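Residue-level listing of the chains:
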Amino acid sequence: MQGLTGEPFFSLEIAVFRLIHSNLHVYLQPASGTQTTGLTLINGAVDLLRDKNIDNSVKRLIDDKLSVDVPYIEQVKTIGNATRHPRGWMVAAVYYALLPEFNSLEESGWFPVSRLTGMNLAFDHLALIHSCVKRMRDKTQYTTVPLHMMPEEFTLTDLQRCYEGLLSTSLEKKSFRRRLLDANVLVALGKERRGYARPAQLYRMKRGHIVHHFSRKMRGTAKEFA
């Protein structure tokens, strides 16, 4: 990396999302160094000795911080200018990553996306989260990306609630289920979840599945992140 003179230095900046009690959360960490304060996304540099490619770098940085094997990452954009970082000219590749739902608030570092406005986020990281959430919600309209946010076992109702939460709109139950089942990306587990309502069939995502593109969008328009 270079400083205030010479070539721009490069950074990877990663918004890691997961659902906690059905609410979208992002992982933030205290800013390091003495040049800034506040909270930041997971970020870092390419390790020329350990990383085979840039995706490997992103997954390593997440694993170094959270000790997880992330199931899905996607590059959102590349940005660069002389003002976004105190050290001077920076080029950054911006990614988002998805982790399965985790219904515990005991782990620190996870913040509700809906409550970030007004918090002390360093640099332009609030704007980066805006961009990542928009990309994720756009992909939710026509792909199976939200499957990577589901726990190991889930019902179709669980999955529909995930889609509806990300899109901030209701989806027609029969059409949604037919679309997901026809995509051949789910495996029925042959067991049911029993509760106060009628028993519900449990599913998991098919091993090795990354993303399926539907021929048309889900009903409704995703609302902008506020």
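Residues numbered from 1 in each chain as written. Predicted model: local features only at pLDDT ≥ 70, side-chain atom pairs only at ≥ 80, totals over all residues. Heavy atoms only, no water.

### So, the packing of helix α3 (residues 156-167) against helix α4 (residues 173-182)
Note the cut-off: Axes here mean lines fitted to C-alpha atoms, for a helix over just the part in contact, with angles spanning 0 to 180 degrees between N-to-C directions. Numbering of helices and strands runs from the N terminus; a helix is a DSSP stretch of H or I covering at least four residues, while a strand is a stretch of E covering at least two. Throughout this description, any angle smaller than 35 degrees is read as roughly parallel, any larger than 145 degrees as roughly antiparallel, any in the 65 to 115 degree range as roughly perpendicular, and the remainder as oblique. A contact between two residues is defined here by any heavy atoms of the two lying within 4.5 Å. Think of it as three bins: nonpolar holds Ala, Val, Leu, Ile, Met, Phe, Trp, Tyr, Cys and Pro, charged holds Asp, Glu, Lys and Arg, and polar takes everything else, Gly as well.
Taken N-terminus to C-terminus, the directions of α3 and α4 make an angle of 105°; their axes are 11 Å apart at the nearest point. Compared by their axis directions, α3 and α4 come out roughly perpendicular. Along its contact with α3, which presents Leu156, Thr157, Leu159, Gln160 and Tyr163, the element α4 presents Lys173, Phe176, Arg177, Leu180 and Leu181. A per-class count over the contact of α3 with α4 returns six nonpolar, two polar and two charged.

### Some thoughts on a nonpolar patch on the surface
The test is simple: In this scheme, patches are assembled from residues that exceed 30% relative accessible area and form no salt bridge. Like charges are connected within 9 Å, while nonpolar side chains (Val, Leu, Ile, Met, Phe, Trp, Tyr) are connected within 5 Å. A 1.4 Å probe and the Shrake-Rupley method give the accessible areas. Residues count as covered only by the protein chains that appear here. Every case where a carboxyl oxygen of Asp or Glu lies within 4 Å of a side-chain nitrogen of Lys or Arg is listed as a salt bridge. The rule is simple: take the accessible area with a 1.4 Å probe, protein chains only, and divide by the maximum for that residue type; under 20% is buried, over 50% is exposed, in between is partly exposed.
Together, Val46, Leu48 and Ile54 give the surface a local cluster of nonpolar side chains, amounting to about 280 Å² of exposed area. Position of Val46 among the secondary structure elements: in the loop between β5 (42-44) and α1 (54-66). Residue Val46 is classed as partly exposed on the basis of its relative accessible area, which comes to 34%.

### A closer look at the pattern of salt bridges
Pairing between side chains of opposite charge can happen when the charged atoms of each approach one another. Inspection of every chain in the model, using the stated rule, returns eleven salt bridges. Taking the shortest distance from any N to any O, the salt bridge between Glu153 and Lys191 comes out at 2.8 Å. Of this pair, Glu153 sits in the loop between α2 (125-142) and α3 while Lys191 sits in strand β9 (residues 186-193), and the two are 38 residues apart along the sequence. What makes Glu153 partly exposed here is its relative accessible area of 32%. A relative accessible area of 37% means that Lys191 is categorised as partly exposed. Its salt-bridge partner being Asp158, residue Arg193 comes within 2.9 Å of it at the nearest N-O pair. With a gap of 35 residues between them, Arg193 in strand β9 and Asp158 in helix α3 connect regions that are remote in the sequence. The exposure class of Asp158 is buried, given its relative accessible area of 19%. Several salt bridges share partner residues, and in doing so they unite Arg50, Asp51, Arg60 and Asp64 into one network.

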